[in-house]
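Spelled out, the chains give:
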Amino acid sequence: MVHRKILMIPGPSETHPEAIAAMAKPTLAHYGAEWGEIYRETCENLKKVFKTDGDVLILSGSGTAAMEMCVAAVVEPGCRVLNLVNGFFGERFNEVIISHGGQPVMVSADYGQAIDPSPVRERLSKEEVQEIKAMFMVYNETSTGVLNPLKEIGMVAAEFGVPLIVDVVSALGGVEVEVDAWNVAMAFASSPKCLAAPPVLGIVAVGERGWKAVEARKSPIQGFYLNLNVWKRYMREWGGWGHPYPASASTPLILGLRKAVELVLAEGLENRFKRHRVAAEATRRGVEAMGLKLLASRDVASPTMTAFWLPENVNDATFRRTVEDRYHILLGGGLGKLSGKIIRMGHMGLTANPEYVVPTLAAIEAGLRKQGFKIKLGAGVEAAQEVFQKA
């Protein structure tokens, strides 16, 4: 018997069945009045999730493509930018910035710790601020399970007049995001995370601050497809006949995304955020009841994923293979310097529910016990169920 694997990783997450069903239609052309209205409606609904009155565009590409579009839009050869780093994906920002000729100035925190706004303010106070062209940060750092204080850092960015570009890939649809109110110039996300949409589309939100940062460039943006100015031109010149982008679009994936975002809004953003917080707390209570240690403290822990340390003498690859082979559940391992040391469990979108969290905790218990870790079977499950029942 072939069993379907359940995705309890930090992405891609489980796709909502209604989003899958929405893709099962005859192929639509990626232009024309009918399609143009579908695309426009999808973008308008995404604006409600981003909490922005600015522009939203949908890339037929990954979240990394969306990241590169935002970096390319503001980074010029030789320019200095501030990069806030406390995990693997913050370090990836460094790589992309350098690849576009930028010079990142880093404000860092240890893995498992959140970025503190105070050192950010202090660094900007000491720098020639006019030379800092932009600031980059990851809101929800999935390499460690840390949620950074975006609202507070946005206030610092506004104080110094520095455009803030934010990775909200694993936050959008599961954690509060307010692009306009929090002084975010650009934010980018990806479809198959908390939105529970099919893989993989990149999503970019550009507010007034973002377009001003693009206009302030001294040199043209390099490239074509990931060039925001090219997209802006096509939005203006071709949007009227339903082709507001410079290349073909993946119509089935966008149909799936449209349905997924409709479901997000139908549930209600506050209800959805609460559901993710409850699932996160249930997961952490369960993990601790097994005698395991969390990587991030609760005051900075992500509502959409949990990272915990593997016990000594438990092999990462063997443990995750046991959980996958016996229980058909996929868990994430550590990235970078945490490789082989931690387990990363997603609870985002569909999986932020007891019917996913509880069986996963049971599988973790069994997998650890098989490797000789002393654990009382059912301890983690019981602790998690108590949280869900109270909620």
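Reading guide: rules and limits
Residues numbered from 1 in each chain as written. Predicted model: local features only at pLDDT ≥ 70, side-chain atom pairs only at ≥ 80, totals over all residues. Heavy atoms only, no water. Helix = DSSP H or I, 4+ residues; strand = E, 2+ residues; numbered from the N terminus. Expected span 1.5 Å × (residues − 1). Buried < 20%, exposed > 50% of the residue type's maximum accessible area, 1.4 Å probe, protein only. Contact = heavy atoms within 4.5 Å. Pairing = 2+ DSSP bridges. Axes fitted to C-alpha atoms, helices over the stretch in contact; angles between N-to-C directions. Salt bridge = Lys/Arg side-chain N within 4 Å of Asp/Glu carboxyl O. Core = buried A, V, L, I, M, F, W, Y, C linked by side-chain atoms within 4.5 Å. Arc of directions from axis to C-beta. Patch = residues over 30% accessible without salt bridge, like charges linked within 9 Å, V, L, I, M, F, W, Y side chains within 5 Å. Areas by Shrake-Rupley, 256 points an atom, 1.4 Å probe, with all protein chains shown as cover. Polar contact = N/O pair within 3.5 Å; in protein donor to acceptor, adjacent residues only side chain to side chain. Phe/Tyr/Trp six-rings, centres within 6.5 Å; stacked < 30°, edge-to-face > 60°.

A.B. asks: So what exactly am I meant to see when it comes to helix α13 (residues 379-390) here?
C.D. replies: Side chains three or four residues apart in an α-helix point the same way, a direct result of the helix having 3.6 residues per turn. Given a rise of 1.5 Å per residue, 12 residues ought to cover 16 Å, and the 17 Å separating the end C-alpha atoms of α13 matches this to within 8%. All of the buried residues along α13 are A379, G380, V381, A383, A384, V387 and F388. Buried residues along α13 sit in contact with α10 (269-289) and α12 (354-370).

A.B. asks: Got a minute to help me understand the sheet that holds strand β13 (residues 332-333) in this structure?
C.D. replies: What links the strands of a sheet is backbone hydrogen bonding, and the strands pair in either a parallel or an antiparallel sense. A sheet is described by the order of its strands in space; here 3 strands give the open sequence β11-β14-β13, paired in antiparallel fashion. Edge positions in the sheet fall to β11 (305-309) and β13, since each has one partner strand and no second. Alignment of β13 against strand β14 (residues 342-346), held across 2 bridges, turns out to be antiparallel. Bridge pairing links G332 to R344 in β14. The sheet contacts of α10 involve β11 and β14, and relative to β11 the element is tilted by about 15°.

A.B. asks: Looking at this structure, I do not really get the environment of Y234. What am I missing?
C.D. replies: Within the fold, Y234 resides in helix α8 (residues 228-237). Note on Y234: relative accessible area 13%, which makes it buried. Spatially, the C-alpha atoms of Y234 and A247 are 9.5 Å apart, while their sequence positions differ by 13 residues. If near-sequence neighbours (up to four positions away) are discounted, Y234 is found in contact with F224, G239, H243, P244, Y245 and P246.

A.B. asks: Teacher, can you tell me more about the pattern of salt bridges here?
C.D. replies: Pairs can form between side chains of opposite charge whenever their charged atoms are close. Tallying each qualifying case throughout the model produces 19 salt bridges. E14 is paired through a salt bridge with R4; the nearest N and O atoms lie 2.7 Å apart. With a gap of 10 residues between them, E14 in the loop between β1 (6-7) and α1 (17-23) and R4 in the segment before β1 connect regions that are remote in the sequence. Given the relative accessible area of 52%, R4 is considered exposed. Two residues, K126 and E122, come together in a salt bridge whose shortest N-O distance is 3.2 Å.

A.B. asks: Explanation requested: the nonpolar core in the structure shown.
C.D. replies: Buried together is how nonpolar side chains tend to be arranged in soluble globular proteins. Formed by 89 residues in total, the largest nonpolar core has its most connected members in F50, M135, F136 and V168. Sorting elements by how many residues they give to this core places helix α3 (residues 63-74) first, with 9 residues. In terms of nonpolar packing, the next biggest core, distinct from the first, is built from 33 residues, M8, V323, Y356 and V381 among them.

A.B. asks: Explain the sheet that holds strand β5 (residues 132-138) here, please?
C.D. replies: Within the open sheet, the 7 strands sit side by side as β2-β10-β9-β8-β5-β3-β4. Their pairing is mixed. For this open sheet the edge positions go to β2 (55-59) and β4 (103-108), each flanked by a neighbour on one side alone. Looking at each pair of strands side by side, their axes are set apart by 20° on average, direction ignored. Across the sheet, helix α6 (residues 150-160) is in contact with β3 (80-85), β5 and β8 (164-167); its angle to β8 comes to roughly 160°. Taken strand by strand, α8 contacts β2, β9 (186-190) and β10 (202-206), and its axis lies near 105° from that of β2.

A.B. asks: What's the story with unusual backbone geometry in this structure? I'm lost.
C.D. replies: In this model, G11 is joined to P12 through a cis peptide bond whose omega is 0°. Its place among the elements puts P12 in the loop between β1 and α1. The amide bond that connects P199 to the next residue, V200, takes the cis arrangement and shows omega of -10°. As for its position among the elements, V200 is in the loop between β9 and β10. Phi at N183 takes a positive value of approximately 65°, unusual for a residue other than glycine.

A.B. asks: When you look at the environment of P311 in this model, what are you seeing that I'm missing?
C.D. replies: Note that P311 resides in the loop between β11 and α11 (316-327). Taking the C-alpha atoms as reference, P311 lies 16 Å from G332; in sequence the two are 21 residues apart.

A.B. asks: Please explain α6 as it appears in this structure.
C.D. replies: Among the residues of α6, L150, I153, G154, V156 and A157 are the ones counted as buried. Within α6, the buried residues cover an arc of 160° as seen down the axis, which keeps them to one side. In this structure, the buried side of α6 is in contact with β3, α5 (117-126), β5 and β8. Positive backbone phi, at 70°, marks G161, one or two positions downstream of α6.

A.B. asks: Explain a nonpolar patch on the surface here, please?
C.D. replies: Taken together, the side chains of Y31, W238 and W241 define a hydrophobic patch exposed on the protein surface, amounting to about 320 Å² of accessible area. Within the element layout of this structure, W241 appears in the loop between α8 and α9 (251-267).

A.B. asks: Looking at this structure, how should I read the side chain of R275?
C.D. replies: Inspection of the secondary structure assignment puts R275 in helix α10. Among the residues examined, R275 registers a relative accessible area of 18% and is labelled buried. A distance of 3.2 Å separates the side chain of R275 from the backbone oxygen of A352, its partner in a polar contact. Not counting residues within four places of it along the chain, the set of residues in contact with R275 comprises E267, G349, A352 and N353.

A.B. asks: Hey, could you run me through the packing of aromatic side chains in this one?
C.D. replies: Each pair of aromatic rings is reported with the distance of its centres and the angle of its planes. Taken as a whole, this structure holds 10 aromatic pairs when the rule is applied. Where Y31 meets W241, the ring centres are 6.0 Å apart and the plane angle is 65°; that geometry is what we call edge-to-face. One end of the pair, Y31, is in the loop between α1 and α2 (33-50); the other, W241, is in the loop between α8 and α9, and 210 residues separate them in sequence. With a relative accessible area of 41%, W241 lands in the partly exposed category.

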